[in-house]
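So the chains spell out like this:
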Amino acid sequence: MPELAFSRRAVLRGLGAAALPAALAGCGVPAAYVPEDRRGGRDRSGPDKSVAFANWPLYIDTDEEDETKRPTLEAFSGRTGISVRYTEEINDNDEFFGKVSPALMNRQETGHDLVVVSDWMAARFVRLGWAQKMDRSAQSNVAEHLDPQLRSPAFDEGRLHTVPWQSGITGIAYNRKALGREIKSVRDLWHPDLAGKVTLFSGLDESFALLMQGNGVDVTRWTESDFHRVCDQVEALVKKKHVRRFTGNDYTSDLSKGDVLACQAYSGDAIQLQADNPDIEFVVPEEGAELWAESLLIPNLARHKANAEALVDHYYDPEVAAELAASVNYVCPVPAAREVLAGSEDEETAELAENPLIFPDEDMRKRLAVARDISASERRSFAKRWNGIVGL
């Protein structure tokens, strides 16, 4: 099973790296934004058959007998002759941003050809002009197989600069047996029988969309007043001690031990939690839930852009996408991979094709939405208010 989702859906710890571009620009450093026509460098893909790919820990398939081997990467190298320098060096979105932003701001190479970051962080790269436009004419698999629901997020219309690596859902997990009733709505979390037995995510980017959906908000175009309404509600719940605490990935431990009965949760974790305890259920509420992604992008001045584009397209081959989905168990951004898994001779693998947390059915999809990201102008004041409530 994959590592629990917190290491990829990392909390927002203050402003940190988010304030870096503005701070440096105020100190005489050139403006952060890089125009589209100045993002590329000399592409060495032809003579140098290699690509540097940075990802999160435990977020790729591995060989059952030798965890140092990654079958889908080895298949790519065998087919194309392109060697992959794969590193698991992204442990936190802001931390990684802080690592690469000085080079990108100063129009220098980062040493990375391809990276995976959460979409709210990918939005920051796109706004700053730090992600190169991909050549879709060289990516026939992406063009054909990318999940329509993920094709055009507000931060990157048409997915010109980013491509989902894996996707997921922020919903509600709860112990039905211990609670003694169903949870169908975000509003159900505020029932008196859950006082002190509910946790919410501490990360601003991870929390707000689901809570807004509980208020009936269209999160594809939420407003500042929608945000402050949620903050008012959560602040009141904290004062009444209804919310036990705010969490990162440790919510899984709280739920497993019975310290909480219901919580905000990620679909990828739910599969593992249910394997350990069949009484735990994951719910996409009646009002809806957030569909999110972690996305691949090619930083400015990458040395092997064409090789990186070829690797991205490799993972959109349904056969490859199916192999990856069977390993990491997140929402697969390639719906055609479902048929591949369904045809597997291995019974457990074939059953994954029917899991709505990997391949959401049409009923579930109607309740999923990709939230508008928090803009740069909003982030400072929003983070200040949210972190004051959460205690960060």
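The structure this text deals with has already been given above.
Rules used throughout
- Residues numbered from 1 in each chain as written.
- Predicted model: local features only at pLDDT ≥ 70, side-chain atom pairs only at ≥ 80, totals over all residues.
- Heavy atoms only, no water.
- Helix = DSSP H or I, 4+ residues; strand = E, 2+ residues; numbered from the N terminus.
- Rg over C-alpha atoms; globule rule 2.2 N^0.38 Å.
- Buried < 20%, exposed > 50% of the residue type's maximum accessible area, 1.4 Å probe, protein only.
- Contact = heavy atoms within 4.5 Å.
- Phe/Tyr/Trp six-rings, centres within 6.5 Å; stacked < 30°, edge-to-face > 60°.
- Lys NZ or Arg CZ within 6 Å of the ring centre and 35° of its normal.
- Polar contact = N/O pair within 3.5 Å; in protein donor to acceptor, adjacent residues only side chain to side chain.
- Salt bridge = Lys/Arg side-chain N within 4 Å of Asp/Glu carboxyl O.
- 1 Å grid on protein atoms, 1.4 Å probe; cavity = no way out; pocket = protein on both sides within 12 Å on 5 of 7 lines; lining within 4 Å.
- Points joined across faces, edges and corners; volume = space filled by probe spheres on them.
- Nonpolar A, V, L, I, M, F, W, Y, C, P; charged D, E, K, R; others polar.
- Pairing = 2+ DSSP bridges.
- Right-handed = clockwise from strand over helix to strand, strands pointing away.
- Patch = residues over 30% accessible without salt bridge, like charges linked within 9 Å, V, L, I, M, F, W, Y side chains within 5 Å.
- Areas by Shrake-Rupley, 256 points an atom, 1.4 Å probe, with all protein chains shown as cover.
- Lys, Arg positive; Asp, Glu negative; His and termini not counted.
- Charge placed at Lys NZ, Arg CZ, Asp CG, Glu CD.
- Expected span 1.5 Å × (residues − 1).
- Arc of directions from axis to C-beta.

### Looking at the overall build of the chain
And then number 1: Tallying secondary structure elements over the chain gives 16 helices and 10 strands in all.
And then number 2: Taken against the 2.2 N^0.38 rule, which gives 21 Å for 392 residues, the C-alpha radius of gyration of the chain at 21 Å falls within 12% of a compact globule.
And then number 3: Looking at the chain as a whole, 56% of its 392 residues qualify as buried.
And then number 4: The contacts of the chain with a sequence gap of at least 6 include a subset with a gap of at least 24, amounting to 79%.

### Focus on the packing of aromatic side chains
And then number 1: Tallying each qualifying case throughout the model produces 17 aromatic pairs.
And then number 2: Through a chain of ring-to-ring contacts, the aromatic side chains of Phe53, Tyr59, Tyr86, Trp165, Phe201, Tyr251, Tyr266, Trp292, Tyr315 and Tyr330 assemble into a single cluster.
And then number 3: Looking at Arg372, its charged tip hangs above the ring of Trp222, at a distance of 3.8 Å from the centre.

### A closer look at the side chain of Asp92
And then number 1: Relative to the helices and strands, Asp92 is located in the loop between strand S2 (83-87) and helix H3 (93-105).
And then number 2: Within the structure, Asp92 has its side chain in polar contact with the backbone nitrogen of Asp94 (distance 2.9 Å).

### Things to note about unusual backbone geometry
And then number 1: For Lys241, which is not glycine, the phi dihedral falls at a positive 60°.
And then number 2: Considering the arrangement of structural elements, one finds Lys241 in the loop between helix H8 (224-239) and strand S6 (243-247).

### Digging into the pattern of salt bridges
And then number 1: Counted under the stated rule, the structure contains 25 salt bridges.
And then number 2: Between Arg379 and Asp205 there is a salt bridge; the shortest N-O distance is 3.0 Å. One end of the pair, Arg379, is in helix H16 (residues 376-390); the other, Asp205, is in helix H7 (residues 204-213), and 174 residues separate them in sequence. Taken individually, Arg379 and Asp205 each receive the classification buried, so the pair is uniform in this respect.

### Observations regarding the layout of surface pockets
And then number 1: As a volume, the largest pocket reaches approximately 790 Å³.
And then number 2: When contributions to the lining of the largest pocket are tallied by element, the ones reaching two or more residues are helix H12 (318-328), helix H13 (337-342) and helix H14 (347-352).
And then number 3: Tallying contributions element by element places H12 first for the lining of the largest pocket, with 6 residues.
And then number 4: Looking at the lining of the largest pocket, its residues break down into 11 nonpolar, 5 polar and 11 charged.

### A closer look at H12
And then number 1: Among all positions in H12, only Pro318, Val320, Ala321, Ala322, Leu324, Ala325 and Val328 are buried.
And then number 2: Contacts made by the buried residues of H12 are with helix H2 (71-80), helix H5 (140-145), strand S4 (162-175), helix H11 (305-314) and H13.
And then number 3: Of the residues flanking the start of H12, the one acting as N-cap is Asp317, its side-chain oxygen 2.8 Å from the backbone nitrogen of Glu319.
And then number 4: Just past H12, the residue Asn329 takes up positive phi, approximately 65°.

### Some points on the pairing of S4
And then number 1: Most of S4 is tucked away: 14 of the 14 residues are buried.
And then number 2: Two strands pair when backbone bridges link them, and S4 and strand S7 (residues 262-266) are joined in this way by 5 bridges, in the antiparallel orientation. Of the residues in S7, the one forming a bridge with Ile172 is Gln264.
And then number 3: Pairing between S4 and strand S8 (residues 280-283): 4 bridges, direction antiparallel. Counterpart to Ala173 in the pairing with S8 is Phe282.

### With respect to the pairing of strand S1 (residues 50-54)
And then number 1: Burial of S1 is extensive: 5 of the 5 residues sit out of reach of the surface.
And then number 2: Side chains of S1 alternate between two faces, with Ser50, Ala52 and Ala54 and Val51 and Phe53 buried alike.
And then number 3: Direction of pairing for S1 relative to S2: parallel, over a ladder of 5 bridges. Among the inter-strand pairings, Ser50 is bridged to a residue of S2, identified as Ser83.
And then number 4: Taken together, S1, H2 and S2 form a β-α-β motif whose crossover is right-handed.
And then number 5: Summarising the sheet, S1 and strand S3 (residues 114-118) pair through 2 bridges and their orientation is parallel. Among the inter-strand pairings, Ala54 is bridged to a residue of S3, identified as Val115.

### Points about a negative patch on the surface
And then number 1: Side chains of Glu64, Glu65, Asp346, Glu347, Glu348 and Glu351 sit close together on the surface and give a patch of like negative charge.
And then number 2: For Glu65, the position within the fold is in the loop between S1 and H2.

### Examining H8
And then number 1: Over its 16 residues, H8 extends 23 Å from the first C-alpha to the last, a length consistent with the 22 Å expected when each residue adds 1.5 Å.
And then number 2: Residues of H8 that are buried: Asp226, Phe227, Val230, Cys231, Val234 and Leu237. Down the axis of H8, the sector holding all buried residues measures 135°, keeping them to one side. Opposite the packed face of H8, turned more than 90 degrees from it, sit the exposed residues Ser225 and Lys239.
And then number 3: Where H8 is buried, its residues contact strand S5 (198-201), H7, S6 and H16.

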